[in-house]
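# Structural features, examined
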Amino acid sequence: MNEIFCLFDELDELHGVKKIKTIGDAYMTVAGLPNHRSDHPMSIANMALDMQQAVAKFNEEQNQSFRIRLGAKFNNGTYAKGNESRGNS
């Protein structure tokens, strides 16, 4: 898995997107953050296509049979980052 995630990290750089985190076998990335870019839907879609190709190439070269499932959520608008905690006082 680590080898595949390293390939994805390289694709992040290529497409100008940002990895948010990995959770087990899940890889989460975002486009347009922290800096706005008008082509973020296209860049994340191209990233997804290249991820599929990277896994196919990896499988062929390593005689493996990994499969990939991609999910995408497109959102235009503001975002907030942070955590607010309020105690009972």
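This write-up is about the structure you can find in this document. (Residues numbered from 1 in each chain as written. Predicted model: local features only at pLDDT ≥ 70, side-chain atom pairs only at ≥ 80, totals over all residues. Heavy atoms only, no water.)

### Things to note about the packing of helix α1 (residues 2–15) against helix α2 (residues 40–62)
- At their nearest, the axes of α1 and α2 sit 10 Å apart, and the two run at 145° to each other. Pair α1 / α2 crosses with right-handed handedness. Of the residues in α2, those in contact with Glu3, Ile4, Leu7, Phe8, Leu11, Asp12, Leu14 and His15 of α1 are Ser43, Asn46, Met47, Asp50, Met51, Ala54, Val55 and Phe58.
- Looking at the contact of α1 with α2, its residues break down into ten nonpolar, three polar and three charged. (Axes fitted to C-alpha atoms, helices over the stretch in contact; angles between N-to-C directions. Helix = DSSP H or I, 4+ residues; strand = E, 2+ residues; numbered from the N terminus. Left-handed = near helix turned anticlockwise from the far one by under 90°. Contact = heavy atoms within 4.5 Å. Nonpolar A, V, L, I, M, F, W, Y, C, P; charged D, E, K, R; others polar.)

### Quick word on a nonpolar patch on the surface
- A cluster of nonpolar residues, Ile20, Ile23 and Met28, forms a patch on the protein surface that exposes about 270 Å² of accessible area.
- Structurally, isoleucine 20 is set in strand β1 (residues 18–23). (Patch = residues over 30% accessible without salt bridge, like charges linked within 9 Å, V, L, I, M, F, W, Y side chains within 5 Å. Areas by Shrake-Rupley, 256 points an atom, 1.4 Å probe, with all protein chains shown as cover. Salt bridge = Lys/Arg side-chain N within 4 Å of Asp/Glu carboxyl O.)

### As for the packing of aromatic side chains
- All chains considered together, the criterion is met by four aromatic pairs.
- On the basis of an interplanar angle of 40° and a centroid distance of 6.2 Å, the ring pair of phenylalanine 5 and phenylalanine 8 is categorised as tilted. Linking phenylalanine 5 with phenylalanine 8, this pair stays in helix α1, spanning three residues, or about one helical turn. Comparing phenylalanine 5 with phenylalanine 8, the two get one shared label, buried.
- Arranged with centres 5.4 Å apart and planes meeting at 45°, the rings of phenylalanine 5 and tyrosine 27 form a pair that is tilted. Residue phenylalanine 5 is located in helix α1, and its partner tyrosine 27 is located in strand β2 (residues 26–30); the two are separated by 22 residues in the primary sequence.
- Under the relative-accessibility criterion, phenylalanine 5 is labelled buried at 10%.
- You can call tyrosine 27 buried: its relative accessible area is 14%. (Phe/Tyr/Trp six-rings, centres within 6.5 Å; stacked < 30°, edge-to-face > 60°. Buried < 20%, exposed > 50% of the residue type's maximum accessible area, 1.4 Å probe, protein only.)

### What to know about the pairing of β2
- Of the strand pairs in this sheet, β1 and β2 are connected by five bridges, and their pairing is antiparallel. In the sheet register, lysine 18 faces β2, and the bridge partner there is valine 30.
- In this antiparallel pair of consecutive strands, β1 and β2, the connection spans two residues, and glycine 24 shows a positive phi of 60°. (Pairing = 2+ DSSP bridges.)

### Observations regarding the environment of glutamine 52
- Within the secondary structure, glutamine 52 is located in helix α2.
- For glutamine 52, a relative accessible area of 39% corresponds to the partly exposed category.
- Separated by 18 residues in the primary sequence, glutamine 52 and leucine 70 place their C-alpha atoms 8.6 Å from one another.
- With residues up to four places along the chain from it excluded, the contact list for glutamine 52 reads Ile68 and Leu70.

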